[in-house]
Amino acid sequence: MDTAPSAQPLTPTAPTVGNRRRVATAAALASAVEWYDYFVFGIAAALVLGDLYFPAGSPTAGVLASFATFAVGFLARPLGGIVAGQLGDKRGRKPMLVLALTLMGLATTGIGLLPTYETIGVAAPILLVLFRVLQGIAVGAQWGGAMLMATEYAPEGKRGIYGSFVQLGVPIGVVTANTVFLLAGAFTTDAAFAAWGWRVPFLVGLFVLVLAWYIHTRVEETPEFREAEKKLAEQEKAEQSSPLRTILKDHLGTVLLAGGSFAVNTATFYIIITGVLDYTTRELGMKRSAVLTVSLCISLTQLVLIPAAAALSDRIGRIRIYALGAAGIALWAVPMFLLIDTGSLLWLAVGTFVTSCFLSIMYGPQAALFAELFTPEMRYTGASLGYQIAAVLGGGLAPFVMVLLLEATGTSMAVSGYIIGLAVIALLSIKVLADRARSR
């Protein structure tokens, strides 16, 4: 498994170096601010939203309700991917990216201003769910646009490293979200944090609208899409097929394999940044600020590991690197929770750091790998669907499933088993993708 499947070259024209850098930077920033807005909800769900918006029942019930709302955003992500994919494959990558950023900024600000259950009653959790759905739609639309803006501008032989610039948005978003929450907690009392301090990270997300305006006014459409647009313009309208229809008819298997290969990554990621935050503070009695600091430091290491893995995939093949990360996640799932269960901050850091290394090894080449699975005319739709299916099956449900497994079994080894099961699915999916690449 040493080669990545490649639909066709991603760079039919040669943009200037300055233009490439501007686009890559804009795509990375778009990903970072979008994921920041998305992650602040996960942290707040683990810390305060259960008590403020779902106060009835036990603390565990409140956390489950809060994580269920967190998961709703993931269920909405395929819708964002489908709509933006259809329009992005026909109208361009840039307009969909701008729209996604605008929607995310408005939804996140809405959460920051939303009254609690005590103030407006049942309308509070209903509106919280609605805003979370809008966040999900926005991030589902964003990833494909940002990823394609980067990879379709990449020089030949550097698609992996250019795609990793967008992937860096995840650790940057986590670092920024954790930092803002740490600052909000440091400068407020526990009562003030619960009353209003937690809202500050959401209101900071409003600055995403500034970036949306910049991309709209200063960034050009990708040369790869312009070439595809010319081909589409030459066809009769009656003959033009919907990218979604083409994907579902001829490439559904590829989409499902892509999703199956990546679900373990997104599930394990949300377990260590959201599920473990709840588990260590509520069950193991660890301090919130200490656990957030560990998460922040771990995410900083990903800023180095993700582009390093992507650059290596440009040299020796994406699938080989991708499979190595999935295998590592499977092998480390049990040791990770054995270390976390000690209640030691040091062992928590060690356990999650090693996991983060394997996640980065997978995540670095993933953008380029998914882009290369589809031709330009259907790339936004196909890559987005594969990614968002993984997000639903893995990330969205993972913290919720983790709490259920812990409550049902009383042992974190059940969560390790859940991770291992997803890793097996990933390795099987990767093998099929590799076999298909060889046959071509």
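The name that an unreviewed UniProt entry assigns to the chain is Putative proline/betaine transporter, with the source organism given as Streptomyces curacoi. In its Subcellular location (unreviewed entry) section, the UniProt record describing the chain reads: "Cell membrane". One UniProt comment on the chain, placed under Sequence similarities (unreviewed entry), says "Belongs to the major facilitator superfamily. Metabolite:H+ Symporter (MHS) family (TC 2.A.1.6) family."

S.K.: Can you break down the pattern of salt bridges residue by residue, with the values?
M.R.: Going through the model one piece at a time under the given rule, you end up with six salt bridges. With its nearest N and O atoms 3.1 Å apart, the salt bridge here joins Glu-283 to Arg-282. Note that Lys-431 is salt-bridged to Asp-435, the shortest N-O span being 3.1 Å. Of this pair, Lys-431 and Asp-435 both sit in helix 19 (residues 413-439), four residues apart, which is roughly one turn of that helix. Classification of Asp-435 as partly exposed rests on a relative accessible area of 33%. One salt-bridge network, held together by shared partners, links Arg-159, Asp-314, Arg-318 and Glu-372.

S.K.: Give a description of the confidence of the model for the chain that names residues and reports values.
M.R.: Reading fine detail from the predicted coordinates is not recommended where pLDDT is low. Across the chain, pLDDT averages 83, with 89% of residues at or above 70. The lowest-confidence element of the chain is helix 11 (residues 223-234), averaging 60 in pLDDT; the highest-confidence one is helix 15 (residues 318-340), averaging 96. Below pLDDT 50 for its whole length, residues 1-12 participates in 48 contacts with residues either more than four positions away or in separate chains.

S.K.: Break down the side chain of Ser-360 for me, with residues and values.
M.R.: Checked against the element boundaries, Ser-360 lands in helix 16 (residues 345-371). Sequence-distant contacts of Ser-360, that is, excluding residues within four places in its chain, are made with Gln-302, Leu-305, Ile-306 and Ala-309.

S.K.: Account for the packing of helix 3 (residues 93-113) against helix 5 (residues 123-151), with residues named and values stated.
M.R.: The interhelical angle for the contact between helix 3 and helix 5, taken along N-to-C directions, is 150°, at an axis separation of 8 Å. With respect to helix 5, the axis of helix 3 lies roughly antiparallel. Every pair of crossing elements has a handedness; the one defined by helix 3 and helix 5 is left-handed. Here the contact of helix 3 with helix 5 is built from residues that sort into 16 nonpolar, five polar and two charged.

S.K.: How would you explain the side chain of Asn-178 if you had to name every residue and give the values?
M.R.: Inspection of the secondary structure puts Asn-178 in helix 7 (residues 169-186). On the accessibility criterion, Asn-178 (3% relative accessible area) is buried. If we ignore the near neighbours within four places in the chain, the residues touching Asn-178 are Ile-43, Leu-292, Ser-295 and Leu-296.

S.K.: Give me the packing of aromatic side chains: which residues, what numbers.
M.R.: Note on aromatic pairs: each is described by the distance of the centres and the angle between the planes. Enumeration according to the criterion identifies nine aromatic pairs in this entry. Ring geometry for Phe-262 versus Tyr-363: centroids 5.8 Å apart, planes at 20°, classification stacked. On the criterion of sequence distance, the pair formed by Phe-262 in helix 13 (residues 252-283) and Tyr-363 in helix 16 is long-range, its members being 101 residues apart. Judged by relative accessible area, Phe-262 falls into the buried class, the value being 1%. Assessed through its relative accessible area of 6%, Tyr-363 is described here as buried. The interplanar angle of 85° and the centroid separation of 5.1 Å between the aromatic rings of Phe-269 and Tyr-270 together place this pair among those described as edge-to-face. According to the relative accessible area criterion, Tyr-270 is buried, its value standing at 3%.

Cut-offs and rules
Residues numbered from 1 in each chain as written. Predicted model: local features only at pLDDT ≥ 70, side-chain atom pairs only at ≥ 80, totals over all residues. Heavy atoms only, no water. UniProt positions renumbered as here; feature names shortened; annotations may be inferred. Salt bridge = Lys/Arg side-chain N within 4 Å of Asp/Glu carboxyl O. Helix = DSSP H or I, 4+ residues; strand = E, 2+ residues; numbered from the N terminus. Buried < 20%, exposed > 50% of the residue type's maximum accessible area, 1.4 Å probe, protein only. pLDDT = per-residue confidence, 0-100. Contact = heavy atoms within 4.5 Å. Axes fitted to C-alpha atoms, helices over the stretch in contact; angles between N-to-C directions. Parallel < 35°, antiparallel > 145°, perpendicular 65-115°, else oblique. Left-handed = near helix turned anticlockwise from the far one by under 90°. Nonpolar A, V, L, I, M, F, W, Y, C, P; charged D, E, K, R; others polar. Phe/Tyr/Trp six-rings, centres within 6.5 Å; stacked < 30°, edge-to-face > 60°.

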